[in-house]
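Structural characterization, general
Chain by chain, the residues:
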Amino acid sequence: MSGAGRPLIVCDCDEVLLHMVAPFRDWLAESESVSFTMRSSNFSDAMRWSASGEPVEPAEIWRLLRAFFETQMHRQTPIAGAVEAMRELAERAEVVVLTNLIDAHRALRQAQLGRHGIAARVYTNQGPKGPALQAIIAEYQPSHTIFIDDLPQHHQSARETVGTLTALHLCGEPTLAPHIDCAHKAGHADARIDSWAEALPWLLAELDRRSLPLEKTA
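Residues numbered from 1 in each chain as written. Predicted model: local features only at pLDDT ≥ 70, side-chain atom pairs only at ≥ 80, totals over all residues. Heavy atoms only, no water.

Some details on the environment of Leu98
Note the following rule: Numbering of helices and strands starts at the N terminus; helices are DSSP runs of H or I of at least 4 residues and strands are runs of E of at least 2. When checking whether two residues touch, look at their non-hydrogen atoms; a contact exists if any pair is within 4.5 Å.
In this structure, Leu98 sits in strand β4 (residues 94-99). Expressed as a C-alpha distance, the spacing of Leu98 and Met73, which sit 25 residues apart in the sequence, is 17 Å. Apart from residues lying up to four places away in sequence, Leu98 is in contact with Val10, Cys11, Asp12, Cys13, Tyr123, Asn125, Lys129, Ala132, Leu133, Ile136 and Phe147.

This is the structure:
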């Protein structure tokens, strides 16, 4: 059992801690003859062959994504304020990263985050994040859990699977954020904040609020 009794923060990586869409877009244009333009929340519709304008086939999208994470993760840079926020939050809570990558890429992600100064344990997952989040909570036995992710479907899965937790919907990529449905409006997140400058004070206040009952009984 790790960190029993302390608050637990489970944070996504791509578009929350590190930019992904922007470096992926640049690599596609430079090396794969694919244009990437977000027109809606449909990620697959954003990818088209530069020569023909035809959509990239689903199997090819998965090949390109896998190739990016295997060879191009060095292109990813931190979202503004993310590294500093993770360090400050780690002083107050257990902080782990839950990222939707195949398990074989976990070590790559762990090393990548370490190079950027984020020392957090990494969990990989495929599909909805609720069950993985539930397993992490069972391992850590925290006093309270805060879940941070950029995609509304993961907030829905978390809320439906775990139930009692605090959820922050945060998408730090400005080219993507306007196209992402709001999990807060859908009732699956407690807030939608797309910058760490505003998210960190909100998270610290939430940690303070959750600690008050313990302080009163001390």
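Alright, that's what it looks like, and here's the rest.
Here we look at the packing of aromatic side chains
The geometry of an aromatic ring pair is captured by the separation of the ring centres together with the interplanar angle, meaning the angle of the planes. Rule in force here: To pair, rings of Phe, Tyr and Trp, with the six-membered ring standing in for Trp, must have centres within 6.5 Å; the planes then decide the type, stacked if under 30 degrees apart, edge-to-face if over 60, and tilted in the middle. The classification of residues rests on relative accessible area computed with a 1.4 Å probe and restricted to protein chains. Under 20% of the type maximum is buried, over 50% is exposed, and intermediate values are partly exposed.
The full count for this structure, using the stated rule, is five aromatic pairs. Ring geometry for Phe24 against Phe36: centres 5.9 Å apart, planes inclined by 75 degrees, an arrangement best described as edge-to-face. One end of the pair, Phe24, is in helix α1 (residues 21-32); the other, Phe36, is in strand β2 (residues 34-36), and twelve residues separate them in sequence. Judged on exposure class, the residue Phe24 and its partner Phe36 are both buried. The exposure class of Phe24 is buried, given its relative accessible area of 0%. Feature note: the residues Phe24, Trp27, Phe36, Phe68 and Phe69 constitute an aromatic cluster, connected by ring pairs.

Details of the environment of Asp26
Here is the rule we go by: Each polar contact in these results corresponds to two N or O atoms within 3.5 Å; when the atoms are within protein, one needs to be able to donate a hydrogen and the other to accept it, and residues that are neighboring in sequence are counted only if both atoms are side-chain atoms.
In this fold, Asp26 is placed in helix α1. According to the relative accessible area criterion, Asp26 is partly exposed, its value standing at 33%. Placed 49 residues apart in sequence, Asp26 and Arg75 show a C-alpha to C-alpha distance of 9.4 Å. Polar side-chain contacts of Asp26 include one of 3.2 Å to the side chain of Arg25.

Structural notes on the packing of α1 against helix α2 (residues 58-71)
We apply this condition: Throughout, an axis means a line fitted to C-alpha atoms (over the contacting stretch in the case of helices), and angles, computed between N-to-C directions, take values from 0 to 180 degrees. Convention used here: angles under 35 degrees read as roughly parallel, angles over 145 as roughly antiparallel, angles from 65 to 115 as roughly perpendicular, and any remaining angle as oblique. Any residue that is not Ala, Val, Leu, Ile, Met, Phe, Trp, Tyr, Cys, Pro, Asp, Glu, Lys or Arg is counted as polar, Gly included; the first ten are nonpolar and the last four charged.
Contact geometry of α1 with α2 gives a least axis separation of 11 Å together with a crossing angle of 105 degrees. By the angle class used here, α1 and α2 are roughly perpendicular. Across from Pro23, Phe24, Trp27, Leu28 and Glu32 in α1, the residues of α2 making contact are Arg63, Leu64, Leu65, Ala67 and Phe68. Across the contact of α1 with α2, the residue classes break down as eight nonpolar, no polar and two charged.

Some points on the nonpolar core
The condition is simple: Only buried Ala, Val, Leu, Ile, Met, Phe, Trp, Tyr and Cys residues count toward a nonpolar core, and they belong to the same one when joined by side-chain atoms within 4.5 Å.
Of all hydrophobic cores here, the largest spans 31 residues; its most connected members are Leu17, Leu89, Ile148 and Trp196. Among the elements that line this core, the one with the most residues is helix α7 (residues 196-217), at six residues. Every residue in contact with Leu89, bar those within four places of it in the chain, is listed here: Ile9, Val95, Trp196, Leu200, Leu203, Leu204 and Leu207. One finds Phe24, Val34, Met38 and Val56 within the second-largest nonpolar core, a separate group that totals 23 residues.

Some thoughts on the sheet that holds strand β8 (residues 191-192)
Stated formally: Two strands pair if DSSP finds at least two bridges between them.
Here we have six strands laid out as an open sheet, ordered β5-β4-β1-β6-β7-β8, and parallel in their pairing. Of all strands in the sheet, those with a lone pairing partner are β5 (121-124) and β8, marking the two edges. Taken together, the four bridges between strand β1 (residues 8-11) and β4 define a ladder with parallel strand orientation. If you follow Leu8 over to β4, its bridge partner there is Glu94. Sitting on the sheet, helix α5 (residues 130-140) is in contact with β1, β4, β5 and β6 (145-149), with an inclination near 155 degrees to β4.

Let's talk about the layout of surface pockets
Selection rule: Method remark: on a 1 Å grid restricted to protein atoms, a set of points is classed as a cavity if a 1.4 Å probe fits but cannot get out and as a pocket if it is open with protein on both sides within 12 Å along at least five of seven lines; lining residues have an atom within 4 Å of a point. Grid points are joined across faces, edges and corners, and a volume is the space filled by probe spheres set on the points.
The calculated volume of the largest pocket comes to roughly 1,000 Å³. Around the largest pocket sit 33 residues that line it, and Phe43, Trp62, Leu65, Asn100 and Leu151 are the ones nearest its centre. Secondary-structure elements contributing two or more residues to the lining of the largest pocket are α2 and α6 (152-161). A total of six residues in the lining of the largest pocket trace back to one element, the largest contributor, which is α2.

Quick word on the pairing of strand β7 (residues 166-169)
Of the two faces of β7, both are covered, the one formed by Thr166 and Leu168 as well as the one formed by Ala167 and His169. Pairing geometry for β7 and β8, over two bridges, is parallel. Bridge assignment links His169 to a residue of β8, and that residue is Arg192.

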